[in-house]
Amino acid sequence: PKVAARPGESTEGQGGRSEKMASESARAPSRAAALGLVGLLFCAMAALRVCADGTLGPRDLKKAKLVKGGDGSDYYYADNLAPGFASELCKDHGSAIGVFRGPYLQAGGHDRVIVRWSSEAQGFGVVCYGTSPGNMASVAFDEESFPRGTEHSVSISGLLPSTEYYYVVAVTSAERLAPVEKEVEAFSGWGGSPRAEEDSWSFLVEEVEEAGTGLEGSSLGIVSPGAYHSFSTFPRPLRDSPPPVRVWAIGDSGMGDNNARRVRDAFLNFTGGDWDLTLGLGDLAYGSGREYEYQRNLFDVYQEQNARIPIFTTPGNHDRPTSDMWKQTGPYFDLFTNPGDGNSGGVASNHKSYYSFDYGKVHFVSVDSQELGLHDDPTLYAWLERDLEAASKAGYDWIVAYHHQPPYSKGSHDSDREYECYKLRSNLVPTFEKYGVDLVLAGHSHSYERSHLLNGHFGHSSEVNKNPRVVKARWS
């Protein structure tokens, strides 16, 4: 069984024990030995270390958040303190276009990411990016909504795995894009086969100069400090052995109040602003998942973090009132682009409320426990079987499932008494155990909990006393 930490224990100094447990797990005949559960408070957080190297806290000082003052409320990142340089197509950026939502990263992968943002200015969304803040010369355009006006979603593909990129978002006009419109399908980031970074930029310069748009002799423009950000692509699925994986799993965080900000700052101080991906375990916008509630309680609170770390979400009961999980419509689906297309790893679900993705040798599976999972949607369960079966045969080090309602909880929700929790215990958990899911993360119950390591426990909690064999390991 794989274990992160004991209840009530600080996660500091856990490395030696975790390494021992990891080695014991590697020697075990079956990796499908147990499940763990984490329920998260709306003002609580968890840093999930899927592997352990004996250290916690900042891992990379280049990415570390630096704090001014003692309360953590005033901070800055070290990745955009100096001016940057980007394609002239990104001349109109930041305050010049009135970015009021984002940018935020979606559907991260080893060779792609989707950048989303909203602007007051209307036009064509553009992302200029590169491996150095001094050369953000590659350009990707508004993908699905060209031209859409003030809402922008840009998919960047053909990226190198495990590589840090810098980017700036901008809005430009049809006139500025006209010189390259004829060649756009061959251009990096918009259909076709993406070109190498320098090739795509030289292509753009050549076309612009021929059109005489006034960019001759000046290929890059200055980007003011704070207007650009950095992100890192994921390791290659199954092929790369990344350093210890750090995940921020946070659920029921949708109050957007001082408690949420205190948790955010505490996590930033603890990690130095350095982690790999964020899991939003549902209920990200109280009370009904309206667009303005997402803006106030999610995007405004975690703006800097979501601009650097991809966030993957799963729907909760407070996301549902304004969104239809069956029709995939409403604010939840308008605002989030999760990787149901399979291009971030796993079996494509072709659905917006459940999906999977890979981070190196870790496979993540998001299940819609709020509606489709609760009401026995056959398409969801058929996809879940295919995805987990493929993952169990592929040789991942870890398989991690996450959804909103917990199958085991004695917090603010009692999984013995509440239908949705009890049903998910009998519906989902047998499938998870069948294919060797190592860890289950959930929200909903406003407390921080860990189950014992369980196997075959699908009924009432009293079953543990009647059949102690369902408990494979206990917290001591």
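As a reminder, the structure under discussion sits directly above these lines.
This one's a predicted model, so the numbers in the text were calculated from it and none came from an experiment.

Trainee: What is the right way to look at the overall build of the chain in this model?
Mentor: Looking only at helices and strands, one finds 10 helices and 22 strands in the chain. Buried positions account for 56% of the 476 residues belonging to the chain. Here the contacts in the chain between residues at least 6 apart in sequence split such that 75% fall between residues at least 24 apart. On the chain, roughly 18700 Å² of surface is accessible, and the fraction owed to carbon and sulfur atoms is 50%.

Trainee: Explain the environment of His 460 here, please?
Mentor: Inspection of the secondary structure puts His 460 in the loop between β21 (453–454) and α10 (463–466). In this structure the C-alpha to C-alpha distance between His 460 and Ser 415, which are 45 residues apart in sequence, comes to 8.5 Å. In contact with His 460, not counting residues within four places along its chain, are Asp 416, Tyr 422 and Arg 425. At 3.0 Å, the side chain of His 460 forms a polar contact with the backbone nitrogen of Ser 462.

Trainee: What is the right way to look at the pattern of salt bridges in this model?
Mentor: Pairing between side chains becomes possible if they bear opposite charge and their charged atoms approach one another. Going through the model one piece at a time under the given rule, you end up with 15 salt bridges. Note that Lys 410 is salt-bridged to Asp 416, the shortest N-O span being 2.9 Å. When its relative accessible area of 51% is taken as the criterion, Lys 410 is described as exposed. Close ionic contact of Asp 414 with Arg 417 constitutes a salt bridge, the shortest N to O distance being 3.8 Å. Taken together, the shared-partner salt bridges connect Lys 410, Asp 414, Asp 416, Arg 417 and Arg 425 into one network.

Trainee: Is there a simple way to think about the environment of Val 440 in this case?
Mentor: Among the secondary structure elements, Val 440 is positioned in strand β19 (residues 439–442). Between the C-alpha atom of Val 440 and that of Pro 406, which follows or precedes it by 34 residues, the distance is 8.6 Å.

Each value, and the rule that gives it
- Residues numbered from 1 in each chain as written.
- Predicted model: local features only at pLDDT ≥ 70, side-chain atom pairs only at ≥ 80, totals over all residues.
- Heavy atoms only, no water.
- Helix = DSSP H or I, 4+ residues; strand = E, 2+ residues; numbered from the N terminus.
- Buried < 20%, exposed > 50% of the residue type's maximum accessible area, 1.4 Å probe, protein only.
- Contact = heavy atoms within 4.5 Å.
- Areas by Shrake-Rupley, 256 points an atom, 1.4 Å probe, with all protein chains shown as cover.
- Polar contact = N/O pair within 3.5 Å; in protein donor to acceptor, adjacent residues only side chain to side chain.
- Salt bridge = Lys/Arg side-chain N within 4 Å of Asp/Glu carboxyl O.

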